[in-house]
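Summary of structural features
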Amino acid sequence: MLRFVGKRLWNGTLTLAALVTLTFFVMRLAPGGPFSRNRKISPEVQANIEAAFHLDEPIWMQFGRFVWGVLRFDLGPSTRFRDYSVNDLIASGLPYSLTIGFWAILVAALVGIALGIVGALRRNGLTDYVAGTVGVIGIAIPIFVIGPVLQVIFALKLGWVPVGGWNEGMRSVILPILVLALPNIAYISRLTRTSMIETLRENYVRTARAKGIGGRRVLLRHTLKGALLPVVAYLGPATASIITGSVLIETVFALPGVGRHFVDAALNRDYPLVMGITLLYGGLLILFNIGTDVLRAWMDPRLRNAQ
Amino acid sequence: MKMKGLGLLLASAALAVGLGTAAMADDTLDRGMGSEWSTLDPQVVFDGATGWILMDAYEGLVNFGPGGGIIPGAAESWEASEDGKTYTFHLREGLKWSNGDPLVAQDYVNTVFRTLDPATISEKGYYFYSTVKIKGAEAIANGETTDIATLGVTAPDDRTVVIEMETPGPHILYLMGAFQMSPLHKPSLEANGPAGFGDPAKVVSNGAYVIKEVVPQSHILLEKNPNYWDAANVSIPFVKYYVTEDVSTEFKRFQAGELDVTYDIPVNQIEVVKETIPDQVFISPSTEVTFYSFNLQVPALQDINVRTALAYAINREVLQEKIVKAGAVPSYAFAGGFDPDYQGPQMPGADLTQAEREAKAKELMAAAGYGPDNPLKLTIVTTVAEDRVRLAQGVALMWKQVLGVQAEVKPMERKAWLDEFYAGGWDVFADGLIGDFAGPETFLAYMRPSTDPGYHWVKPEYDAAMDVAATKPDKESRDAELAKAEKILLDDFLFAPIAIEAARSLVSTKVKGWEPSGAGYYNSQFLKLE
């Protein structure tokens, strides 16, 4: 097992290095720079700006500087937000994104799995159809549509929650958590249902039944563990993408998370911030994938032995 | 069972709602500010909405009153020398910083010096050596000297600031009130570095408000400054500026009462709000102009007849009222329309009807050798913003319908668009300029070939006219000379004027004293909450 994890970590590190290297150089190919402007400024100031952010150095040297910074956990200064370093910006935004992401994934997993199990057990019943329809809607309607609709209903018409911002504690983020969870609830419930139905047909479940073990026990002890394998496989990357913040959610609900930086930084050619966010996203994604693999290996001995 | 799961979720949501009813404070003015501040360093800040925060937190030598007129600020009076080159400001007695330190004239001198000093890496130095030509400013900006004694801004005593310029500059007062002239508390800077300006625990300011709380991507909270000289007349105890990047979310937050003043109005809602809440809609011309520049490096566009035809074929009223519909004002000029005192010229043909202009445009195009068999092909480079693309498509359509010109619209991200201008890979550039203040001066100065070589425009007469204007110490004769320069500019059709963009805000009926401001400043200290 330890060897298995070690190998995965090593591969993950290589992937991350490749991702970051590629991003660094591809980003520089985009036209425009962090200090493109429509006014001429004094050459002295121009030179100082370039020197301050090391833009005057050859690109390989800038890359070396970046790598050296990463090794020291220093992602450098942001070119757009002059009062903050990239470390500051991530440290300030990540807790918000993590909080929303944590609750969203928790709600999605609990509700999704519950809906999936019930759907599998009472297949083609009315409730199954209703859940199925809701599921399709949850996946099909994009966040930027469902978010504003919920804002109008729950914030404007009913006045239960604020429209946006994070100024009233957790009450501020009920809607974003719901909206973020919704497509995942849909996906997880469908996944659970399908996989549950398949597992219920497996020989080992039938064997257990034949041995006279009661319905509930078969369900919990034998079926669930097998049925949740694909769900766990989905949850890993989903968690990584959810907890690092959703650009759309954070924009629609005006939340101070780290997700919004992802697009903004690229548009503003804030090179250090783009690199910082890429590293964060890439790192978390890889880490959660590894975590998922480990969890699945633990749940399914066949996978473990195959490695 | 499934429904139960959902029901449980809703119930817990309702519970949380019940528990978390935080009191909405009525003593706070909630203002939208659009994008996040780039920095709170007053000598570096360049973005307009952050300027509002600084205008609340700092006070220049003069101030902008309700409606944007110039009123006394930290200086209770000032006078200009006969030749208009020297301005002397007299500070009020007993001025204090928010921490109680005495505020002295040297604090203003230090601001100008720090803005110019290349080590500050500020892009605003040109205010002091180009917008107005303060003695010694350019040498400091170019790194030729670091000696503050060479600067034409001095403090002969603690209550006097003297500014000496190389040429008369009556418009200097606009700069003395703007946030560019926020005084500098040097001990704080020396102790905390520039990051201290954004740290509520460390920042020291002199305005009607002090910075109380800073949450990146979320908001900045200001609290009334008891040490402000006019604190007795500051009515609102707290002002909160919210980052409101998404304009439709901002609109809903306003509807829900979370915001008292918005940064913008969604373009698709303008008609609706004008109908439903007309008393809360504030749309007024800003100091931003839109114009379509022609590339003089492109042979076809070197012919002034072609440029004239293109400028004539644009139906500016239809463009704004039927196509873009964002509240901008159709414009036939460049530097006029903001400052009611300035009687500037309009482009040739502005007195004709649109039908007459179009007929003339067809003639000119035909004379230049273009027609159905030989259509002119152009690219229009614009930014990707939705209303900008729509504008460009509208212009392209008009050129096609009237002149048979095949214009291709190329939207670009803002940063790429900025670089594309100097790269010159465009025929027509969807151009724009935001004036530093509501007068013709900055617009016209910007078009001097020496200021912006990107236009490849060579016109010694224009520079000469601007040089003459620069010698005039009083606004009236100066404006008359500036108008002559603007006429040279417009006559040459270096660009087709399009519109004056609008400042759009929704202002709650709770807020009293909000007036459209030509200067673009709406200081919270003059507002009241009911």
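The following refers to the structure shown.

Quick look at the overall build of chain B now. Helix and strand counts for chain B stand at 17 helices and 18 strands. With the principal axes as the frame, chain B shows a C-alpha extent of 80 × 75 × 35 Å. Per-residue burial for chain B yields a buried fraction of 57% across its 530 residues. Counting contacts in chain B only where the partners sit at least 6 residues apart, residues at least 24 apart contribute 69% of the total. Per element, the accessible surface of chain B, about 20400 Å² overall, is 53% carbon and sulfur.

Turning our attention to unusual backbone geometry. In this structure, A:Ala254 is a non-glycine residue whose phi angle is positive, near 50°. With respect to the helices, strands and loops of the structure, A:Ala254 is situated in the loop between helix H11 (247–252) and helix H12 (259–267). Despite not being glycine, B:Lys325 shows a phi value in the positive range, around 50°. Position of B:Lys325 among the secondary structure elements: in the loop between helix H11 (316–324) and strand S12 (329–330).

This next bit is on the pairing of strand S8 (residues 209–215) of chain B. Residues and elements named next belong to chain B. Extensive coverage of S8 is indicated by the burial of five of its seven residues. When S8 meets strand S9 (residues 219–224), the two strands line up antiparallel, connected through six bridges. For Glu-213, the partnering residue across the bridge sits in S9 and is Leu-221. Counted between consecutive antiparallel strands, the loop separating S8 from S9 contains three residues, among which Gln-217 sits at a positive phi close to 70°.

Moving on, we get to the sheet that holds strand S16 (residues 495–506) of chain B. All names here are of chain B. The strand order across the open sheet formed by six strands is S12-S16-S11-S15-S13-S14, and the pairing between neighbours is mixed. Each edge of the sheet is formed by a strand with only one pairing partner; in this case those strands are S12 and strand S14 (406–412). Against the sheet, H11 engages S12 and S16, with an angle of about 30° to S16.

Our focus in this paragraph is the nonpolar core. By size, the foremost hydrophobic cluster in this structure holds 76 residues, and its most contacted members are B:Tyr292, B:Phe334, B:Trp399 and B:Leu403. Examining the composition of this core, we find that eight residues originate from one element, helix H13 (residues 386–403) of chain B, more than from any other. Residues within four places of B:Phe334 in sequence aside, it is in contact with B:Val289, B:Phe291, B:Leu433, B:Phe443, B:Leu444, B:Met447, B:Glu486, B:Leu489, B:Leu490 and B:Phe495. Judged by nonpolar contacts, the second largest core, of 69 residues, contains A:Phe66, A:Leu75, A:Ala265 and B:Val234.

With that settled, the discussion passes to the environment of A:Gly132. Following the sequence through the fold, A:Gly132 ends up in helix H5 (residues 126–140). Sequence separation between A:Gly132 and A:Gly119 is 13 residues; the distance between their C-alpha atoms is 8.4 Å.

Here the focus is the pattern of salt bridges. This structure, assessed with the given rule, holds 27 salt bridges over all chains. A salt bridge links B:Asp56 to B:Arg31, with the nearest nitrogen and oxygen atoms 4.0 Å apart. One end of the pair, B:Asp56, is in helix H2 (residues 48–57); the other, B:Arg31, is in strand S1 (residues 28–32), with 25 residues separating them in the sequence. For B:Lys212, the salt bridge goes to B:Glu223, with nearest N and O atoms at 3.4 Å. Of this pair, B:Lys212 sits in strand S8 while B:Glu223 sits in strand S9; the two residues are eleven residues apart in sequence, bridging distant segments of the chain. Through salt bridges that share partners, A:Asp128, A:Arg190 and A:Arg193 make up one connected network.

To continue, consider the side chain of B:Thr88. Its place among the elements puts B:Thr88 in strand S5 (residues 86–91). Residues in contact with B:Thr88, not counting those within four places in the same chain, are B:Ser77, B:Trp78, B:Glu79, B:Thr160, B:Val161 and B:Val162.

Count 3.6 residues to each turn of an α-helix, and residues three or four apart come out pointing the same way. Remark: the principal bend of helix H7 (residues 174–200) of chain A, roughly 35°, maps to A:Ala181, with a proline, A:Pro183, within the next four residues. With 19 of 27 residues buried, H7(A) lies mostly within the body of the structure.

Listed per partner, the contact involves 65 residues of chain B and 61 residues of chain A. Carbon and sulfur atoms supply 57% of the area that chain B and chain A bury against each other, a total of about 5300 Å² over both sides. Our enumeration of links across chain B and chain A arrives at two salt bridges. For A:Arg260, the salt bridge is made with B:Glu245, and the minimal N-O distance between the two is 2.9 Å. Our count for the chain B to chain A interface comes out at 19 residue pairs in polar contact (both at pLDDT 80 or more). Where the side of chain B that touches chain A is concerned, the elements lending two or more residues are helix H1 (2–19), helix H4 (126–131), S8, strand S10 (238–242), helix H8 (247–255), helix H14 (414–423) and strand S15 (428–434) of chain B. By residue number, the principal contributor to the side of chain B that touches chain A is H1(B), which donates six residues. Of the residues assigned to the side of chain B that touches chain A, the class counts are 32 nonpolar, 18 polar and 15 charged.

Let us look at a nonpolar patch on the surface. Side chains of A:Ile137, A:Ile141, A:Phe144, A:Val145, A:Val149, A:Ile153, A:Leu158, A:Trp160 and A:Leu248 sit close together on the surface and give an oily, nonpolar patch of about 750 Å² of accessible area. In this fold, A:Leu248 is placed in helix H11.

For a regular strand, the rule is simple: side chains alternate between the two faces of the sheet. Residues and elements named next belong to chain B. For S15, a buried count of six out of seven residues is recorded, marking the element as mostly surrounded by other parts of the structure. Here strand S11 (residues 281–294) pairs with S15 via seven bridges, running antiparallel. For Val-289, the partnering residue across the bridge sits in S15 and is Leu-433. In this sheet, S15 lies alongside strand S13 (residues 377–383) in parallel orientation, the contact comprising two bridges. Within S15, the residue paired with Ile-380 across the bridge is Val-428.

The subject of this paragraph is the environment of B:Tyr332. Residue and element names in this part refer to chain B. Position of Tyr-332 relative to the elements: it lies in the loop between S12 and helix H12 (354–367). Note on Tyr-332: relative accessible area 10%, which makes it buried. Here Tyr-332 is in contact with Arg-316, Glu-317, Gln-346, Met-347, Ala-350, Gln-354, Arg-357, Leu-490 and Pro-497, once residues within four sequence places are set aside. Polar side-chain contacts of Tyr-332 include one of 3.1 Å to the side chain of Arg-357.

With that settled, the discussion passes to the packing of aromatic side chains. Tallied over the entire structure, the rule returns 32 aromatic pairs over all chains. For the pair A:Phe25 and A:Phe63, a centre-to-centre distance of 5.1 Å together with 45° between the ring planes defines the contact as tilted. Separated by 38 residues along the polypeptide, A:Phe25 in helix H1 (residues 2–29) and A:Phe63 in helix H3 (residues 59–71) bring together distant segments of the chain. Judged by relative accessible area, A:Phe63 falls into the buried class, the value being 17%. For the pair B:Phe421 and B:Tyr422, a centre-to-centre distance of 5.0 Å together with 80° between the ring planes defines the contact as edge-to-face. B:Phe421 sits in the buried class, given a relative accessible area of 6%. Taken together, the ring pairs connect B:Trp417, B:Phe421, B:Tyr422, B:Trp426, B:Phe429 and B:Tyr455 into an aromatic cluster. The ring of A:Phe24 carries A:Arg28 above its face, with NZ or CZ at 4.8 Å from the centroid. Over the ring of A:Tyr271 we find A:Arg28; its NZ or CZ atom is 4.0 Å from the centre of that ring.

Rules and cut-offs
- Residues numbered from 1 in each chain as written.
- Chains lettered and ligands numbered in written order.
- Predicted model: local features only at pLDDT ≥ 70, side-chain atom pairs only at ≥ 80, totals over all residues.
- Heavy atoms only, no water.
- Helix = DSSP H or I, 4+ residues; strand = E, 2+ residues; numbered from the N terminus.
- Buried < 20%, exposed > 50% of the residue type's maximum accessible area, 1.4 Å probe, protein only.
- Contact = heavy atoms within 4.5 Å.
- Areas by Shrake-Rupley, 256 points an atom, 1.4 Å probe, with all protein chains shown as cover.
- Pairing = 2+ DSSP bridges.
- Axes fitted to C-alpha atoms, helices over the stretch in contact; angles between N-to-C directions.
- Core = buried A, V, L, I, M, F, W, Y, C linked by side-chain atoms within 4.5 Å.
- Salt bridge = Lys/Arg side-chain N within 4 Å of Asp/Glu carboxyl O.
- Bend = angle between axes of the 7 residues up to and from the residue.
- Buried area = accessible area lost by both parts, 1.4 Å probe.
- Polar contact = N/O pair within 3.5 Å; in protein donor to acceptor, adjacent residues only side chain to side chain.
- Nonpolar A, V, L, I, M, F, W, Y, C, P; charged D, E, K, R; others polar.
- Patch = residues over 30% accessible without salt bridge, like charges linked within 9 Å, V, L, I, M, F, W, Y side chains within 5 Å.
- Phe/Tyr/Trp six-rings, centres within 6.5 Å; stacked < 30°, edge-to-face > 60°.
- Lys NZ or Arg CZ within 6 Å of the ring centre and 35° of its normal.

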